[in-house]
Amino acid sequence: LMLLFAYACETPCSHVYYFDQYMSIYPQKDTFMVGDTFYMEMDMNTLMYNKGDDDYVDLIDHGITDVMYIYQLSSADSNKRFDESIPGSDKSLIPSKSAYDKFSFDCSIGEWSKISYGASFIPEVQGDKFKFKIAVCLLDTGLFLFHFADIYAVTLGHTKVEIIMEDDCNESWYGSWFTVNDGKCNHHLLESLNIMGAVSSDYHGEIRRHNLKKGNWPFVVVPKI
């Protein structure tokens, strides 16, 4: 009886998922003209490093789904906070519902779908790779911010996920560390408006600080000469 009681009181095992994701955007510059086109591309192994368990997980059967929020910024946004988990909360930046139409998107690899504040996208599995590519044509002027995150962390919050590991442990997907162009992603444009990230001392705070500085793509579009 004591053995049964002890077994019942055991804490169930769990898997917590934090993955690295990488996006290349080119040409790599901070200012474009109306009519220019830049490209966004992902090329990652399906065997991905999970920081949560300090191990590698093959997501070839599970796949990944990401989101891109679009912000149109102005001087009125100076000194605001950036909160990727709850956009628009506590005087933080609000994604633009209308900015999507200031671009033309042509997805050649993967899937792309418009959502309220931007788009969701699914990289395509090619062999042992996740691949994605889209051309972005610039139709209007302004200061814009593309923010990338995985759909579990941003759209659904900290959530249980479909079975990834073949065991009886609980599974939760808590977020991705996004890196654009190896961290060279025009962050000085956000610094010029003194836009700060939502700060917390936990692991999620580390992800948000990283994604603000290295996982965003702010850029300026000027009239065509």
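Residues numbered from 1 in each chain as written. Predicted model: local features only at pLDDT ≥ 70, side-chain atom pairs only at ≥ 80, totals over all residues. Heavy atoms only, no water.

Enquirer: Can you tell me about the pattern of salt bridges, naming the residues and giving the values?
Expert: One pass over the full model with this rule turns up four salt bridges. The shortest N-O distance in the salt bridge between Asp101 and Lys114 comes to 3.7 Å. With Asp101 in the loop between β7 (81-82) and β8 (103-109) and Lys114 in strand β9 (residues 111-115), this residue pair connects regions lying 13 residues apart in the sequence. Given a relative accessible area of 54%, Asp101 falls into the exposed group. Among the ionic pairs, Lys102 bridges to Asp140, the shortest N-O distance being 3.1 Å. Within this pair, whereas Lys102 is found in the loop between β7 and β8, its partner Asp140 is found in the loop between β12 (129-138) and β13 (142-150), the two being separated by 38 residues in sequence. On the basis of relative accessibility, which here comes to 31%, the residue Asp140 falls in the partly exposed class. (Salt bridge = Lys/Arg side-chain N within 4 Å of Asp/Glu carboxyl O. Helix = DSSP H or I, 4+ residues; strand = E, 2+ residues; numbered from the N terminus. Buried < 20%, exposed > 50% of the residue type's maximum accessible area, 1.4 Å probe, protein only.)

Enquirer: Would you mind going over the packing of aromatic side chains in detail, with residue names and values included?
Expert: The geometry of an aromatic ring pair is captured by the separation of the ring centres together with the interplanar angle, meaning the angle of the planes. Taken as a whole and assessed by the stated rule, the structure comprises 23 aromatic pairs. Summarising the aromatic geometry, the rings of Trp112 and Phe121 are spaced 5.9 Å apart at their centres and angled 25° between planes, so their arrangement reads as stacked. Its relative accessible area of 16% is what places Trp112 among the buried residues. Between the NZ or CZ atom of Lys51 and the centre of the ring of Trp177, over which it lies, the distance is 4.8 Å. Positioned above the aromatic ring of Tyr39 is the side chain of Lys133, whose terminal nitrogen or guanidinium carbon lies 5.6 Å from the ring centre. (Phe/Tyr/Trp six-rings, centres within 6.5 Å; stacked < 30°, edge-to-face > 60°. Lys NZ or Arg CZ within 6 Å of the ring centre and 35° of its normal.)

Enquirer: Any chance you could break down the sheet that holds strand β10 (residues 118-122) for me, citing the residues and the numbers?
Expert: Read from one edge to the other, the open sheet built from six strands follows the order β2-β17-β13-β6-β10-β9, with strand pairing classed as mixed. At either end of the open sheet lies a strand with only one pairing partner, and these are β2 (31-33) and β9. Averaged over all pairs of adjacent strands, the angle between their axes in this sheet comes to 25°, without regard to strand direction. Pairing geometry for β9 and β10, over five bridges, is antiparallel. (Pairing = 2+ DSSP bridges. Axes fitted to C-alpha atoms, helices over the stretch in contact; angles between N-to-C directions.)

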